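Examination of the molecular architecture
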Amino acid sequence: MRLLHVILLLFLSLFRGNHGSSAALDICAFLGEEERKSLYEDGDVVIGGLFPLHYSPVSSPLTYNVKPTPNTYNYFSARALRWMQTMTFAIKEINGRTDILPRLKLGFHIRDSCDDIPVSLKASFLLANGQPEGSKGNASQDEAAGLGCEAVNRTVSPVIIGDAGSGVSMALLRSLGSFHIPLVSYFASCSCLSNQREFPTFMRTMPSDAFQIKALAQLVRYFGWTWVGVIGVESDYARFAIQLFLQESVRYGVCAAYTHFYPVGPSHEHIEKLLNVIQMTSSKVIINFSGEAEMQDILREMQRQNLTGFQWIASEAWATSKLLWENSASLLKGTLGFAIQRAAVIPGLQQHLAALTPSAIHRIAFLAEFWEETFDCRLNGSANAHNHGLGSQQSRTPCKGTEALHDVYSPYSDVTQLRVSYNVYKAVYLVAYALQDMSNCKAGEGPFVRNTCADPKNFKPWQLLHYMKVANFSALGEEVNFDHNGDPIAYYDLMNWQTGPDGSLDLVKVGFYDASLPAGSSLVINDSVIMWPVGKQALRSVCSSSCPPGSRIARRKGEPVCCYDCVPCAEGEFSNTTDSLDCSRCSGDTWPNRARDLCIPKTMEYLSYHEFMGVLLCAASVLGAAVSLAIIVIFYTYKDTALVRANNMELSFLLLVFLTICFLVGLLFLGKPSEWLCRIRYPAFGISFALCLSCLLAKTVVVLMAFRSRLPGSPVMKWFGAKQQRASVLLGTAVQVIICFIWLLTSPPHANHNTDYHSSTIIVECVTGSDVGFWLVLGYIGVLACMCLVLAFLARKLPDNFNEAKFITFSILIFFAVWVTFIPVYMSTVGKYIVAVHVFAILASALGLLLCIFVPKCYIIVLKPEKNSKKFLMQR
């Protein structure tokens, strides 16, 4: 029936038009039930107003046999009554000013929307089409039905301020949009209403939810809440808001642990289902997009089940609702929410709210009901006929007449949080300044067809809308302007619900969100003044704990992005931020530390003089050289003795000098390699050993030739004298010199930083440059050693009491043993150990030559001098 009523009203409005009288109808009759509950004051322009003075309807079954009774509602909103009174105050303030609309009087026609779409639609049609005079006062229905069209036309509203709810506003716009009647909302925040293609006549002084959602996403990310529950009432407002939040939260790495919708006026089963969802997850943060009524039902059941320890995030619809605190203070302590911008004070509003005369209270149903609800009494002869779902009005005792508003707390008279009221105030001034701009239009310079202007006392609604779209004005010192969607610039206060000294709610501003500021600095929070639900710091609400530096996030397949595992960075990689998605590789000369959160310079590895192994090899080299020099001294001291002279003294001295050089060459392999050191190291090694082996080869040939020369008439020694011996040594060494020279010219050895073997270590090494050159040098040494071995082996049984060929044979065998062992070890060792092996091979082979060839001689020279004679040496 109510729907039929609305359709009939719409049908009539199509015939009657919006603002003119109807010549087609002889009699205008108001159809439908009489609507007495309204607030009206006449004027040249009557501004319509819709406010949800009642909410939370009591459902009643429909039998379809009898006419349904009017809806009853559980709650009366004193806060909405303050909004309504703010509208009347603003209009009266404008009428009293001389600087704006001095020749135009504004009136108002305000109705209760009950936050209910059918009721709002009916009320909006009454505002847009007018209502008989009698229906606004105490006239009877018969008197109202007899009024003509002229009476109706005087009450038409070309613009409506309302409604509070987004869903209700959408329904009104779809109905009134065809008539181009502007709708200015003071509390509808759904981002869907910014669609000017679908809702071209909509404007609002309330920021769009698109900004609130950005603020909420940044808020939860700021406190590290990446695992949040999102709930909302089944309405366009909540659905669009939650959809936007889920999209925006992805940018900040925030996930919804659950999303749940519950109906308007939820039953016990619906609330029970919601609480089960809340308890099944680990999320401790809940974002709720709903109004006061639904929130009251939820909190009541949570209190009954003793569900505490949650961090509530309030949408702007209930971010400053002190009504919720009265019965659920313990649950709501620490709540955070973005509230729309607050006016510090609206001068004169408090006095206007308090100036309720007895006649007005009795005559105006809204005020009468408010009075009776506030003081829980019944006024005699009041216009209040509202029957609450919570109880009968007749059960109340009569009012005493001594009641006063300053004796009790009421949201109606509370002007400390003028937020929505301030939006209503700005909405009225938006209309007023648009009318002022219309009044200032000069003939021939107007914005309409043929540059015409509109008549401020007789205009079309769409003409007013044109001026409203471009309005810019100042309200209480604030510049008010609108974007191309009809939305104001967004500014929110971040409110924290704290317990006052007396247990009352203390709404503390702990930050703000300003959409006009640059990205990244739009949200400002003062953490130090926040009161938390539990303890002195923010609750943790994460699916997975943050991955510390040194690790990265590994997503879990099939789960939200906030649920992940922490995987340590791979070898050679690091991450120095929390919750890093990827690890980065360190540069070539750096390596991650043990925690893998920082790249540090790699360890430089080379055989140093200062480490234990280097000290030992250095000492061995110096000791070997010292022993060689000591033997030189001994040989020089006893150079005239038979043993020294008999063993080719000149070659012995040369060999001892070259062995000393071989010992000292080992020192070139110690310390940090450099370009010049690498170029000297390998040639010095090759040439020094070539000298030693060339000397040995010459000595072996001398031994062999000496015994051959004993044969009568043998000229062998004639062809292998002292000069030939020196020449053979030089010739044998010259081949090695040529090999080294070609090696240095073509591909010389050089220093290299090797990271192939140990990623965390830079091995500073000398690379051969040309492997062919290195193995040719080593191979030539081997050839000389083989020649020595063969000749010494042939001379081992020659008659002599002190046959040097035997000792040369033993020394070469040791030499071969060392270097044959060296080759596989050299090929399989890296870093400083390959250098140590090389030095060890040099020292061992040189020491083998020194010990096998010269120590026995020194033994005889020093300890057995009686054997150091020609006679003894010549004995067989």
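All values derive from a computational prediction rather than experimental measurement.

Ranked by internal contacts, the top residues of the largest apolar core, which has 144 residues, are Met-87, Phe-289 and Trp-312. For this core, the element with the most residues is helix H16 (residues 420-439), which contributes 14 residues. Each residue touching Trp-312, except ones within four places of it in the same chain, is listed here: Ile-231, Ile-286, Asn-288, Met-295, Ile-298, Leu-299, Met-302, Trp-318, Leu-331, Leu-332, Thr-335 and Leu-336. Counting residues in hydrophobic clusters, the runner-up holds 71 residues, among them Cys-695, Val-702, Val-839 and Ala-841.

Let's shift gears to the environment of His-753. With respect to the secondary-structure elements, His-753 resides in strand S28 (residues 750-754). Separated by 10 residues in sequence, His-753 and Ile-763 have C-alpha atoms that sit 5.6 Å apart. What His-753 contacts, discounting residues up to four positions off in sequence, is Met-604, Ile-762, Ile-763 and Val-764.

A full pass over the atoms with the stated rule returns 33 aromatic pairs. With 6.1 Å between their ring centres and 35° between their planes, Tyr-429 and Tyr-433 make a pair best called tilted. Of this pair, Tyr-429 and Tyr-433 both sit in helix H16, separated by four residues, roughly a single helical turn. Comparing Tyr-429 with Tyr-433 shows no difference in burial state: the two are buried. Geometrically, the ring pair formed by Tyr-433 and Phe-473 is stacked, given 5.1 Å between the ring centres and 10° between the ring planes. Of this pair, Tyr-433 sits in helix H16 while Phe-473 is found in strand S16 (residues 473-475), placing the two residues 40 residues apart along the sequence. An aromatic cluster is defined as three or more aromatic residues linked by ring pairs; in this entry it consists of Phe-669, Tyr-682, Trp-743, Phe-774 and Trp-775. Cation over ring: Arg-239 sits above Phe-261, and NZ or CZ is 4.3 Å from the ring centre. For Lys-284, the ring lying beneath its charged end belongs to Phe-310, and the centroid distance is 5.3 Å.

Applying the stated criterion across every chain, the model contains nine disulfides. Between Cys-547 and Cys-566 runs a disulfide, and the two sulfur atoms are separated by 2.0 Å. With the S-S dihedral at roughly -95°, the linkage between Cys-547 and Cys-566 falls on the left-handed side. A residue pair is termed long-range when its members are at least 10 positions apart, and Cys-547 in the loop between strand S20 (523-525) and strand S21 (551-555) and Cys-566 in strand S22 (residues 564-568) qualify at 19 residues. What pairs with Cys-569 in a disulfide is Cys-583, and their sulfur atoms sit 2.0 Å apart. The disulfide joining Cys-569 to Cys-583 has a torsion of about -75° about its S-S bond and is therefore left-handed. Of this pair, Cys-569 sits in the loop between S22 and strand S23 (573-574) while Cys-583 sits in the loop between S23 and strand S24 (584-585); the two residues are 14 residues apart in sequence, bridging distant segments of the chain. In this pair, the class of Cys-569 matches that of Cys-583, namely buried. Cys-662 supplies the cysteine sulfur nearest to Cys-692, a cysteine that is in no disulfide, at a spacing of 3.4 Å.

Attention shifts here to helix H9 (residues 236-251). Compared with an ideal rise of 1.5 Å per residue, which puts 16 residues at 22 Å, H9 spans 24 Å between its outermost C-alpha atoms and is within 8% of the ideal. The set of residues buried in H9 consists of Tyr-237, Ala-238, Ala-241, Ile-242, Phe-245, Glu-248 and Ser-249. Viewed along the axis of H9, the buried residues span an arc of 135°, placing them on a single side of the element. The secondary structure elements touched by the buried residues of H9 are helix H7 (166-176), helix H8 (209-222), strand S9 (227-233), strand S10 (255-262) and strand S11 (285-289). One or two residues past the end of H9 sits Gly-253, with phi positive at roughly 70°.

Hydrogen bonds between backbone atoms are what pair the strands of a sheet, whose relative direction is either parallel or antiparallel. Spatially, three strands are ordered S27-S29-S28 in an open sheet, and the strand pairing comes out mixed. Each having just a single partner strand, strand S27 (603-605) and S28 make up the two edges of the open sheet. Adjacent strand axes in the sheet meet at a mean angle of 25° when their direction is disregarded. Across three bridges, S27 lies against strand S29 (residues 761-767) in parallel orientation. The residue of S29 that forms the bridge with Glu-605 is Ile-763.

This brings us to unusual backbone geometry. Going from Gly-162 to Asp-163, the amide bond is cis rather than trans, its omega being -10°. Note that Asp-163 resides in the loop between strand S6 (160-161) and H7. With phi around 50°, Asp-115 is a residue other than glycine that occupies positive phi space. Mapping Asp-115 onto the fold places it in the loop between strand S5 (106-112) and helix H3 (117-129). Within the chain, Asp-376 stands out as a residue other than glycine whose phi angle is a positive 50°. Summarising the element assignment, Asp-376 is placed in the loop between helix H15 (365-375) and strand S14 (377-378).

Let's shift gears to the pattern of salt bridges. Tallied over the full model, the rule gives 16 salt bridges. Where Glu-198 meets Arg-174, a salt bridge forms, and the shortest distance between an N and an O atom there is 2.8 Å. Taken as a pair, Glu-198 in the loop between strand S7 (183-185) and strand S8 (202-204) and Arg-174 in helix H7 lie far apart in primary sequence, 24 residues in all. Of the charged contacts, one joins Asp-487 and Arg-204 as a salt bridge, the two residues approaching to 2.7 Å between their closest N and O atoms. One end of the pair, Asp-487, is in the loop between strand S17 (478-480) and strand S18 (491-499); the other, Arg-204, is in strand S8, with 283 residues separating them in the sequence. Take Asp-487 and Arg-204: they sit in the same class, and that class is buried. When salt bridges that share partners are traced, they join Arg-419, Asp-493 and Lys-509 into one network.

Rules used throughout
- Residues numbered from 1 in each chain as written.
- Predicted model: local features only at pLDDT ≥ 70, side-chain atom pairs only at ≥ 80, totals over all residues.
- Heavy atoms only, no water.
- Core = buried A, V, L, I, M, F, W, Y, C linked by side-chain atoms within 4.5 Å.
- Buried < 20%, exposed > 50% of the residue type's maximum accessible area, 1.4 Å probe, protein only.
- Helix = DSSP H or I, 4+ residues; strand = E, 2+ residues; numbered from the N terminus.
- Contact = heavy atoms within 4.5 Å.
- Phe/Tyr/Trp six-rings, centres within 6.5 Å; stacked < 30°, edge-to-face > 60°.
- Lys NZ or Arg CZ within 6 Å of the ring centre and 35° of its normal.
- Disulfide = S-S within 2.5 Å.
- Expected span 1.5 Å × (residues − 1).
- Arc of directions from axis to C-beta.
- Pairing = 2+ DSSP bridges.
- Axes fitted to C-alpha atoms, helices over the stretch in contact; angles between N-to-C directions.
- Salt bridge = Lys/Arg side-chain N within 4 Å of Asp/Glu carboxyl O.

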